[in-house]
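Structural overview
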Amino acid sequence: MTMIEAIQNALDIAMGDDDKVVVFGEDVGYFGGVFRCTAGLQKKYGTSRCFDTPISELGIVGTAIGMAAYGLKPCVEIQFADYMYPAYDQIVSEAARLRYRSAGEFTCPLVVRMPTGGGIFGAQTHSQSPEALFTHVAGLKTVVPSTPADAKGLLLAAIADPDPVIFLEPKRLYNGPFDGYHEKPVVSWKKHDLGEVPDGHHLVPLGSAAIRREGQAVTVLAYGTMVHVALAAAEATGIDAEVIDLRTLLPLDTPTIVASVQKTGRCVIVHEATLTSGFGAELAAVVQRDCFYNLEAPILRVTGWDTPYPHAQEWDYFPGPDRVGRALQQIMEA
Amino acid sequence: MTMIEAIQNALDIAMGDDDKVVVFGEDVGYFGGVFRCTAGLQKKYGTSRCFDTPISELGIVGTAIGMAAYGLKPCVEIQFADYMYPAYDQIVSEAARLRYRSAGEFTCPLVVRMPTGGGIFGAQTHSQSPEALFTHVAGLKTVVPSTPADAKGLLLAAIADPDPVIFLEPKRLYNGPFDGYHEKPVVSWKKHDLGEVPDGHHLVPLGSAAIRREGQAVTVLAYGTMVHVALAAAEATGIDAEVIDLRTLLPLDTPTIVASVQKTGRCVIVHEATLTSGFGAELAAVVQRDCFYNLEAPILRVTGWDTPYPHAQEWDYFPGPDRVGRALQQIMEA
Amino acid sequence: MPDAPRLSLHVPEPEWRPGDQPDFSHVKIPRAGTIRRPEINEKPEDMRDLAFSIIRVLNRQGEAVGPWAGTLTDDELRDGLRHMMTLRAYDARMLMAQRQGKTSFYMQHLGEEAISCAFRMALEPGDMNFPTYRQAGLLIAGGYPMVTMMCQVYSNDKDPMHGRQLPVFYSSKEHGFFSISGNLATQYIQAVGWAMASAISHDRKIAAAWIGDGSTAESDFHAALVFASTYKAPVVLNIVNNQWAISTFQGIARGGSGTFAARGHGFGIPALRVDGNDYLAVHAVAKWAVERARRNLGPTIVEYVTYRAGGHSTSDDPAAYRPKTESDAWPLGDPILRLKLHLIARGLWSEERHKQAEAEVLDGVLAAQREAEAIGTLHTGRRPSPRDMFEDVYAQMPAHLLKQRHEAGY
Amino acid sequence: MPDAPRLSLHVPEPEWRPGDQPDFSHVKIPRAGTIRRPEINEKPEDMRDLAFSIIRVLNRQGEAVGPWAGTLTDDELRDGLRHMMTLRAYDARMLMAQRQGKTSFYMQHLGEEAISCAFRMALEPGDMNFPTYRQAGLLIAGGYPMVTMMCQVYSNDKDPMHGRQLPVFYSSKEHGFFSISGNLATQYIQAVGWAMASAISHDRKIAAAWIGDGSTAESDFHAALVFASTYKAPVVLNIVNNQWAISTFQGIARGGSGTFAARGHGFGIPALRVDGNDYLAVHAVAKWAVERARRNLGPTIVEYVTYRAGGHSTSDDPAAYRPKTESDAWPLGDPILRLKLHLIARGLWSEERHKQAEAEVLDGVLAAQREAEAIGTLHTGRRPSPRDMFEDVYAQMPAHLLKQRHEAGY
Ligand SMILES: Cc1ncc(C[n+]2csc(CCOP(=O)(O)OP(=O)(O)O)c2C)c(N)n1
Ligand SMILES: Cc1ncc(C[n+]2csc(CCOP(=O)(O)OP(=O)(O)O)c2C)c(N)n1
Ligand SMILES: [Mg+2]
Ligand SMILES: [Mg+2]
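Residues numbered from 1 in each chain as written. Chains lettered and ligands numbered in written order. Predicted model: local features only at pLDDT ≥ 70, side-chain atom pairs only at ≥ 80, totals over all residues. Heavy atoms only, no water.

Details of the sheet that holds strand E7 (residues 300-305) of chain C
Residue and element names in this part refer to chain C. If you walk across this open sheet you meet the 5 strands as E1-E2-E3-E7-E6, and the pairing is parallel. The open sheet has two edge strands with one neighbour each: strand E1 (128-130) and strand E6 (271-275). Each strand of the sheet is rotated relative to its neighbour by a mean of 20 degrees, with strand direction disregarded. When strand E2 (residues 207-212) meets strand E3 (residues 235-241), the two strands line up parallel, connected through 6 bridges. (Pairing = 2+ DSSP bridges. Helix = DSSP H or I, 4+ residues; strand = E, 2+ residues; numbered from the N terminus. Axes fitted to C-alpha atoms, helices over the stretch in contact; angles between N-to-C directions.)

The structure is reproduced here in structure tokens:
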């Protein structure tokens with residue numbers, strides 16, 4: 001199953017199980033979403049549970065908050081993460097704080113799905129990775145799957161969660177895994193080890209990381225597309241890296257991270273977002289705090305550069321296996 | 001001079017010097033701003049250079065971007081930093097990227113001023129410190145003054161800057177310095193060492209930190225109100241702390257920071273914003289990277305808690321001299 | 001182009017500033033009873049006139065006249081008067097309490113009491129308001145305990161929000177009062193979403209959104225009109241035009257449109273303007289709009305024409321930007337005096353009963369205040385625990401937050 | 001409430017979907033020449049009718065009729081035809097180039113050529129457009145070099161934006177074409193700000209804002225109307241209603257309002273609707289609105305009624321959501337054929353000259369394409385250096401970015 005199918009499947013299951021689940025966003029109704037993640041849902045569940053909206057991200061999230069407060073469980077789509085900014089006020093000032101403000105009287109069980117990340121020549125407005133803008137906000141949970149099975153299991157967990165969850169879908173992984181070698185043909189999810197998706201109510205609890213590759217020499221912290229890049233870099237360099245797929249950024253699975261770095265003594269962090277104040281900064285701060293006496297070298301971050309996301313230079317911007325590999329070598333030599 | 005007067009003075013000088021400088025925002029015209037930072041400017045420069053706007057932060061920043069592209073130099077006010085979210089899309093997607101997008105053909109010499117931080121019992125919507133939401137964005141500069149003189153000098157530098165600058169004004173410092181002891185009477189800026197403000201075209205270049213207190217034992221990185229809290233904590237504990245006032249968060253004065261930590265071997269970071277993904281994370285990541293072999297203890301962060309900003313519990317939330325002092329003691333014992 | 005004149009910027013200005021003499025005599029105010037009452041299913045395009053007029057019921061003699069009269073019983077009218085008097089007395093005490101340092105901040109309703117008090121009486125249990133900070137009348141008229149309101153204002157140990165929110169940011173699900181945000185306008189679109197949810201669920205409840213004149217400039221207002229118009233959401237979109245947004249007169253937000261109600265015309269949403277200082281008119285129009293929503297006929301915009309007689313908040317001094325006499329010159333009068341006159345004219349009330357009622361109301365407020373203060377105020381007595389600051393960020397406290405709570409010593 | 005019926009959600013649906021037979025016969029299209037032309041200083045409230053009509057000049061016989069006719073000379077008309085033909089040919093080649101893998105993405109104008117081409121002719125040098133991705137006619141009609149446009153689409157070494165932007169996101173200050181953002185609607189309010197700046201500076205330049213039907217739902221649209229209305233900014237607020245927003249029909253964005261132009265009524269902004277496939281009508285209305293702005297009379301909303309005959313972009317296949325025959329059934333015809341017919345009817349053109357012009361235009365486009373491809377395409381030839389990726393983030397490269405550039409090997 002592709003990640004798109006897995007997401008569609010999760011939405012289908014959630015809607016089938018619970019009338020309170022409603023799905024809406026730009027082009028998600030009749031057409032089924034520009035990436036087809038909501039294909040067939042309007043036909044199956046009717047126009048009042050799956051519908052197109054006006055092009056207003058503020059309106060999408062704003063109405064969803066009202067619906068969540070009423071008692072529904074909206075799972076809305078922002079067409080690209082790059083377009084979430086008009087809804088940012090509603091997410092940060094409203095969804096994230098409703099429970100707190102009202103001391104639990106009103107709550108906001110809301111999922112905001114959005115395709116994220118680069119690798120499709122989408123330039124500045126179809127490539128961004130804004131996760132750090134969510135992890136800084138108390139009251140939100142932030143999730144980034146890297147496999148179809150996780151996409152399904154985490155999305156079902158997000159919908160079941162009583163609080164607002166930002167669900168970032170690495171669009172470069174929608175149709176197949178991606179290891180950063182864009183010249184190589186894409187392996188489809190069907191033919192990939194990680195392409196298997198359990199049937200039915202498969203749940204992956206929020207807040208638990210997965211160790212994708214065990215290793216003794218260095219810990220790589222990654223999420224989304226970068227998990228596959230990190231695995232490719234480990235293969236390519238032959239360095240005995242332990243690759244941790246964070247899956248949920250907030251709440252963070254600190255115990256898994258700390259246990260690994262305490263074992264390896266080295267840590268490389270990889271993400272697509274710009275370096276400065278990226279989520280890697282938080283990871284570095286946590287790791288140096290909790291593993292200070294185990295660290296044998298400075299923590300390295302391999303990330304997007306501190307520039308807007310370019311078009312032609314996409315593969316110079318994207319943190320590929322070469323850059324990650326160089327970081328692995330550098331940290332082993334440190 | 002108070003910080004309010006210093007800001008007003010900077011605006012007056014900039015408007016007097018250059019017809020292209022225009023000032024607008026909610027209540028900034030006739031009334032002169034809810035904090036009085038623009039008092040008298042409309043009268044002096046006329047309604048088309050200083051005027052009230054509709055309550056639309058998006059509209060304020062959006063029109064300012066158009067004006068900047070035309071060739072004016074807008075310096076706009078967002079009434080509280082907590083209300084910048086409706087303008088966030090315009091700031092992040094537009095102001096920050098205009099030069100890049102157009103390869104320098106269109107530029108955005110824009111200053112967005114906003115009162116920031118807590119300490120006035122303003123609760124969730126009058127207390128936030130959103131600096132990390134700006135430092136993550138390539139194309140922006142982010143400034144936080146801690147004294148009247150710096151407020152003036154940095155604001156004049158920001159207005160002269162050819163790129164968009166986010167200018168965060170710690171509102172708790174508007175009328176007097178504040179060391180975190182809210183029960184003690186406030187000393188006015190007039191009677192304070194740091195209350196002196198040079199006349200005329202006083203410029204403080206963006207990107208340079210100031211060492212507010214020299215010390216050998218530990219480096220404290222702070223900005224805004226927290227500079228004064230850090231100084232108070234150093235006094236109270238008697239620890240030989242070097243207190244660095246960052247002044248500009250982006251571009252960051254890394255050399256000054258690194259030189260200090262290389263000397264002291266210890267680093268405590270203090271900010272009011274929530275911990276997770278706060279700007280302190282970036283500081284910790286940079287310090288551990290550049291001073292790894294000098295560090296004798298894990299870097300500590302003393303920050304606002306990962307909750308929304310409460311009303312009644314303001315002084316439990318606010319990182320005061322006690323908490324900073326405990327961190328100094330802890331790091332010295334580590 | 002060379003022959004074109006040079007451009008210049010138009011910046012709207014109020015007609016008078018401190019020192020000037022306000023004169024509203026040119027403001028066209030329709031006589032009470034003269035504005036028609038359309039059928040609730042009348043087409044929006046056939047009722048555009050109602051956005052440029054003012055629906056009024058009470059005339060200068062205190063008589064209720066015209067097609068919008070008669071929606072309330074005698075008892076209801078007496079209740080209405082008492083609600084408004086209670087709100088005013090409550091405001092006065094809390095304002096004073098703030099001046100005495102018992103809390104950090106307060107916002108009063110002076111002159112605007114009719115709007116939230118009368119609107120509340122047009123709703124059914126289960127309906128939900130998404131209020132701003134100037135609709136406490138919804139709670140008072142709904143019978144919400146005043147002691148609890150005061151505990152909220154004092155942020156004491158019995159504040160249902162555990163001291164987390166700014167004073168006057170009440171919340172009561174049971175009383176159909178959605179938690180106040182403080183970010184202007186954000187809840188306007190949420191009200192539309194709540195109403196859509198009711199429709200999706202084939203429920204019967206409707207929502208009421210609230211916004212001030214100044215805040216209509218915000219983005220959420222537009223989103224609300226777009227979504228309400230598209231999905232015909234069962235929501236009443238209230239705009240309280242009290243002429244001022246802090247120091248900014250309504251001309252800045254309104255721009256070239258004649259009225260705020262007219263904003264609805266671009267969306268095909270029926271829009272009514274009503275005398276916000278006329279309890280009977282407010283109730284009648286609210287009832288009409290609520291019924292429209294309830295019958296699945298879609299949203300209605302209601303603009304309440306009123307005047308913010310007090311400061312914006314305890315942090316504001318209006319003398320800095322408007323003539324002190326503007327409030328007295330304001331032509332729509334005082335809502336309490338007008339309803340009192342009506343009741344007297346109808347033989348349902350008298351000066352003595354009014355005095356007596358004033359005393360009773362004050363007693364009630366004072367008793368509540370004593371009770372609240374016995375619990376605590378912002379700086380004294382029993383206050384919420386700092387421990388509480390860490391609760392309700394999430395349904396379940398995550399590990400990092402628990403760790404922080406421990407670090408804080410709780 | 002118990003007797004109220006249960007609510008239900010209204011979700012607007014297009015009249016037909018794939019498989020259905022589209023039939024526009026009930027759509028009221030005024031006869032050409034029948035809509036009045038107001039004075040440019042007519043009061044907005046006296047011209048509300050123009051938001052619910054369609055101004056048209058070219059009739060079915062290709063004659064230019066009515067009060068809006070006669071704004072263009074014969075030469076200008078022939079130029080107009082050539083601009084539209086050039087844009088169409090350019091689109092066709094670039095679409096093909098994308099299919100051939102020479103670039104990543106493309107967006108065409110098919111059916112909408114008249115709007116940007118004719119509008120451009122109503123502007124003066126120095127005026128500034130804030131376009132969306134479907135107004136390349138502003139560049140073509142303005143004489144911007146096509147080779148440069150192609151270099152942008154190919155992101156090659158001669159792309160003025162150094163390969164940073166998505167194809168079709170042109171920028172040219174000299175040609176009054178503001179850098180395209182990609183975030184819908186954001187530039188609508190910037191255009192208002194630019195126009196305000198011109199007024200503040202006592203300049204003579206005006207701005208033109210552009211937006212699609214679907215994007216009017218965005219917040220920036222509201223902000224633009226609020227600010228333009230309040231400060232009477234010298235700006236033309238264009239709305240290109242091409243019936244579709246990707247797969248979403250215009251009824252979702254429009255909701256209960258009759259037209260998009262009607263959105264202006266809530267702001268007192270004059271709003272005109274015009275046949276977007278009628279080059280003459282577009283030019284005449286644009287000229288009217290531009291003159292209003294230039295004379296400091298404030299903003300005008302213009303809604304262009306047109307049809308997006310092609311896919312939304314190269315990533316889109318409209319057959320999935322609308323009948324394939326909808327485009328042919330669309331009643332306003334093809335803008336190129338209509339202007340051609342007019343020129344022939346006036347004896348200024350012939351079938352032969354048209355064929356010849358087609359060949360010339362194609363030759364021009366092919367020559368430009370050869371020149372551009374000789375420089376490079378997205379994946380071949382001379383491409384912008386990765387070094388360039390680090391430039392122009394700031395006027396001066398800060399130390400951290402320089403360090404990153406070095407780390408990247410440049
Ligand atoms: C998003 C946002 N921007 C600015 C403010 C600051 N502010 C608080 S109240 C107010 C004026 C509101 O005026 P209006 O909407 O007319 O309501 P009124 O106070 O008159 O009832 C302003 C600007 C805010 N709370 N939220
Ligand atoms: C803020 C934002 N939200 C969503 C998108 C994705 N998107 C690109 S074009 C489009 C449809 C726009 O439709 P319309 O405004 O009618 O313009 P048209 O394409 O028809 O010219 C959408 C939803 C975007 N670019 N920006
Ligand atoms: Mg008001
Ligand atoms: Mg469209």
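Structure's up, so let's keep going.
A look at the site of ligand 1
Close to ligand 1 lie 20 residues; Glu 57 of chain B together with Tyr 133, Arg 134, Ser 215 and Trp 244 of chain C are nearest. At 2.7 Å, a side-chain N or O of Arg 134 of chain C approaches an oxygen atom of ligand 1. Within the contact set of ligand 1, an oxygen atom lies 2.8 Å away from a side-chain nitrogen or oxygen of Asn 242 of chain C. In isolation ligand 1 exposes 590 Å². Once the protein is present, 96% of that is buried. When grouped by side-chain class, the residues that make up the shell around ligand 1 number 7 nonpolar, 8 polar and 5 charged. (Near = heavy atom within 4 Å. Polar contact = N/O pair within 3.5 Å; in protein donor to acceptor, adjacent residues only side chain to side chain. Areas by Shrake-Rupley, 256 points an atom, 1.4 Å probe, with all protein chains shown as cover. Nonpolar A, V, L, I, M, F, W, Y, C, P; charged D, E, K, R; others polar.)

Regarding the interface of chain C and chain A
At the interface, 45 residues of chain C touch 42 residues of chain A. Summed over both sides, the interface of chain C with chain A buries roughly 3,400 Å², with 63% coming from carbon and sulfur. Contact with chain A buries area across many residues of chain C, yet Ile 200, Phe 227 and Tyr 394 of chain C alone supply 18% of it, more than any other trio. For the interface between chain C and chain A, the tally reads 0 salt bridges. Between the two partners, chain C and chain A, sit 20 residue pairs in polar contact (both at pLDDT 80 or more). (Contact = heavy atoms within 4.5 Å. Buried area = accessible area lost by both parts, 1.4 Å probe. Salt bridge = Lys/Arg side-chain N within 4 Å of Asp/Glu carboxyl O.)

Here's the deal with helix H5 (residues 186-200) of chain D
Over its 15 residues, H5 of chain D extends 22 Å from the first C-alpha to the last, a length consistent with the 21 Å expected when each residue adds 1.5 Å. Directly after H5 of chain D, the chain includes His 202 of chain D, whose backbone phi takes a positive value near 50 degrees. (Expected span 1.5 Å × (residues − 1).)

So, the UniProt feature "domain: 2-oxoisovalerate dehydrogenase E1 alpha subunit N-terminal" (unreviewed entry) in chain C
UniProt's feature table lists "domain: 2-oxoisovalerate dehydrogenase E1 alpha subunit N-terminal" (unreviewed entry) at residues 5-45 of chain C, given in the numbering used throughout. The span residues 5-45 of chain C is 0% helical and 0% strand by assignment, and the distance between its end C-alpha atoms comes to 39 Å. (UniProt positions renumbered as here; feature names shortened; annotations may be inferred.)

Concerning the coordination of the magnesium ion (ligand 3)
All names here are of chain C. Ligation of the magnesium ion (ligand 3) by protein atoms is provided by Asp 213 (OD), Asn 242 (OD1) and Trp 244 (O), these donors lying 2.0 to 2.1 Å from the ion. Counting the intervening residues between successive donors of the magnesium ion (ligand 3) yields the motif D-x28-N-x1-W. Of this pair, Asp 213 sits in the loop between E2 and helix H6 (219-231) while Trp 244 sits in strand E4 (residues 244-245); the two residues are 31 residues apart in sequence, bridging distant segments of the chain. The pair Asp 213 / Trp 244 is uniform in exposure class, with both members buried. (Donors = N, O, S within 2.8 Å, 3.2 Å for Na, K, Ca; no water. Buried < 20%, exposed > 50% of the residue type's maximum accessible area, 1.4 Å probe, protein only.)

With respect to the interface of chain C and chain D
Between chain C and chain D, the residue contacts involve 53 residues of the former and 53 residues of the latter. Counting the contacts that link chain C with chain D gives 0 salt bridges. Mapped onto the side of chain C that touches chain D, the elements with two or more residues apiece are helix H5 (186-200), H6, helix H7 (250-254) and helix H8 (279-294) of chain C. The leading source of residues in the side of chain C that touches chain D is H6 of chain C, at 7 residues. Partitioned by chemical class, the residues of the side of chain C that touches chain D number 23 nonpolar, 16 polar and 14 charged.

Section: the sheet that holds strand E6 (residues 271-275) of chain D
All names here are of chain D. The strand order across the open sheet formed by 5 strands is E1-E2-E3-E7-E6, and the pairing between neighbours is parallel. Each having just a single partner strand, strand E1 (128-130) and E6 make up the two edges of the open sheet. Strand-to-strand twist in this sheet, taken as the mean axis angle between neighbours without regard to direction, amounts to 20 degrees. Relative to strand E7 (residues 300-305), E6 runs parallel, the two sharing 5 bridges. Among the inter-strand pairings, Val 274 is bridged to a residue of E7, identified as Tyr 304.

Observations concerning the site of ligand 2
The environment of ligand 2 is made up of 20 residues, and the closest members are Glu 57 of chain A together with Tyr 133, Arg 134, Ser 215 and Trp 244 of chain D. Flanking ligand 2 are residues from chains A and D. Within the contact set of ligand 2, an oxygen atom lies 2.7 Å away from a side-chain nitrogen or oxygen of Tyr 133 of chain D. Within the backbone of Gly 214 of chain D, a nitrogen or oxygen atom sits 2.9 Å from an oxygen atom of ligand 2. Expressed as a share of its isolated accessible area of 590 Å², the protein-covered part of ligand 2 is 96%. Considering only residue class, the shell around ligand 2 consists of 7 nonpolar, 8 polar and 5 charged.

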